[in-house]
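# Chains, contacts and geometry: an overview
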Amino acid sequence: MVELKNVGKRYSGSVEALKDVNLSIGQGEIIGLFGENGAGKTTLMKCVFGFVGHSGQILLDGEPITRKNIARLAFGTCEFSFLPEMTAAEHAEFYEHHFPKFRKERFRGLTEFFELPLDRPVKTLSAGQKSQVEVILALCQGAEYIFLDEPFVGHDIFNREDFYKVLLGILEPTETIVLSTHLIEEVEGFIDRAVMLRKGTVIGDVQIADLEENGEKLVDYVKKLYGYQADRVSRSLELITGAKRE
Amino acid sequence: MKRRIVDRWFPANAMGQGGLSARRRYRLVIYLAVAAIVICSFFMFFGRYLKEKNKDPWTLMAVYRVTADGKRVLENYPVYYYPDYVFVNGIHYKIEEFVDGQPVTEPEWPKYYQVETEIVKVSNFDEMMGGVFWLLPVVIVFAIVEIIMNYCSFYRPTKSIYLMKRFRSGAELNRRCLTMPIIMILVSVLVCVGLGALYYWVYCNYTIPERLPDRITVNIGRMLLWWS
């Protein structure tokens, strides 16, 4: 289990990216991490990996996350963490060398499924293919906790659909996914739990099964939680154009 | 397989630069150019050394001092030689006449000194070695810049630092950033020391014993020879 206890992060100046975040991520869960831009989703993930300093505690099965146990966590990011000059095949070798639990078969299967060219430097691939490589590498690292930060940037709708389906098909019960995305409606059928962040604070943490039981849709729950005003657009348009709208 | 071996011994930075594969050649070209300059600079000075009759004003001439009992003692003095002037051991003389085709100055010069018939350039070993070693600081500065660039390459254009930080040890990142610059420095040092030793060997064997410079320089040279 990954536990975040009173985690806070203040960037230079007075920008408080995370405020007293408490969160438990259990093994085998698929969690969606939602929030507006700047809500703290990426910062939260970076704190887990120790890429940025933070206050509070982050524990993996009761132990602080260090080089010793960090290989149990994988990270796929929209900023990309691959080595641009290397080909996908070279990445596989490189990962295999550094991560003993690297899932070679899964890598082969996924690259074949997405028809990724294995012999071209990753930097020469299209934006969508680059993010596919990034996500595939994170999924194949052999980690128990896989953090994906906006992994579907540059993917078309079909590609994303395929990804969700493939993911659900390949994940083992012990594998945990934490998925940060804005595509709430799309991932609703894929995730077990939704965590909502706003201005660095967790404002909601709900099981999808509970929502379904109440007959509520995730997107409506999120809108309610964020106080989304449906008539905001029409009011603004009235103000701009002077014309009254229904 | 071959690629893996190359990557193991000559690792590249995040942008694939610094190693030895085809995509990484430009750094290799720079290294070779630096090595070539070091070697050329050696041969440049080496050639100057072997040149018997140089036209450089700075030279060391062997001069004979005539003692009271009429014996001639061979001495080494640094001499600046110009067509009309001679500076012997820091003293300035104007040349008035030539003895055996060589300048003779007044007033003390003819009485005490007679310039040897052949002017042979015998620079000090350390002075000549400076020509070989001056590139080392350049190589070191270049290597430091390279190290900084290598670390930066893991932050842009992709954040491969996030991958490096997930490895069990931090050695991979340092290996990729430090290996090639350190190899570059080591090769340069070895080239300089090796050439210096060769140079010294030639220096000792081709210079007449009376004209060998002071003992300290000789000892430094011997030490370098032994070290290499």
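Scroll up to find the structure.
Read on for a plain summary of the structure. As the structure is a computational prediction, the values presented were derived from the model and not from experiment.

Before going further, it helps to examine the interface of chain B and chain A. Between chain B and chain A, the residue contacts involve 22 residues of the former and 27 residues of the latter. Overall, the association of chain B and chain A removes approximately 2300 Å² of surface from exposure, summing both partners, and the carbon and sulfur fraction of that is 57%. Counting the contacts that link chain B with chain A gives zero salt bridges. Applying the counting criterion to the chain B and chain A interface returns nine residue pairs in polar contact (both at pLDDT 80 or more). Going through the elements one at a time, helix 1 (2-9), helix 6 (161-164) and helix 7 (171-206) of chain B are the ones with two or more residues in the side of chain B that touches chain A. Of all the elements, helix 6 of chain B adds the most residues to the side of chain B that touches chain A, at three residues.

All names here are of chain A. Following both chains from N to C, one finds helix 3 (residues 104-113) and helix 4 (residues 127-140) inclined at 155°, their axes separated by 9 Å at the closest point. By the angle class used here, helix 3 and helix 4 are roughly antiparallel. With respect to the hand of their crossing, helix 3 and helix 4 are arranged in right-handed fashion. Residues R106, F107, L110 and T111 of helix 3 form the contact with helix 4, whose participating residues are I136, L137, L139 and C140. A breakdown of the residues in the contact of helix 3 with helix 4 according to their chemical character gives six nonpolar, one polar and one charged.

Let us look at the pairing of strand 10 (residues 201-207) of chain A. Pairing analysis gives six bridges linking strand 9 (residues 193-198) of chain A to strand 10 of chain A, with the strands arranged antiparallel. Considered in strand 10 of chain A, the bridge of R193 of chain A is made with Q207 of chain A.

Next up on the list: the pattern of salt bridges. All names here are of chain A. Taken as a whole and assessed by the stated rule, the structure comprises 16 salt bridges over all chains. The residue E29 makes a salt bridge to R193 at a minimum N-O spacing of 3.0 Å. One end of the pair, E29, is in the loop between strand 2 (16-25) and strand 3 (30-34); the other, R193, is in strand 9, with 164 residues separating them in the sequence. Of the two residues, E29 and R193, both sit in the buried class.

About the cut-offs
- Residues numbered from 1 in each chain as written.
- Chains lettered and ligands numbered in written order.
- Predicted model: local features only at pLDDT ≥ 70, side-chain atom pairs only at ≥ 80, totals over all residues.
- Heavy atoms only, no water.
- Contact = heavy atoms within 4.5 Å.
- Buried area = accessible area lost by both parts, 1.4 Å probe.
- Salt bridge = Lys/Arg side-chain N within 4 Å of Asp/Glu carboxyl O.
- Polar contact = N/O pair within 3.5 Å; in protein donor to acceptor, adjacent residues only side chain to side chain.
- Helix = DSSP H or I, 4+ residues; strand = E, 2+ residues; numbered from the N terminus.
- Axes fitted to C-alpha atoms, helices over the stretch in contact; angles between N-to-C directions.
- Parallel < 35°, antiparallel > 145°, perpendicular 65-115°, else oblique.
- Left-handed = near helix turned anticlockwise from the far one by under 90°.
- Nonpolar A, V, L, I, M, F, W, Y, C, P; charged D, E, K, R; others polar.
- Pairing = 2+ DSSP bridges.
- Buried < 20%, exposed > 50% of the residue type's maximum accessible area, 1.4 Å probe, protein only.

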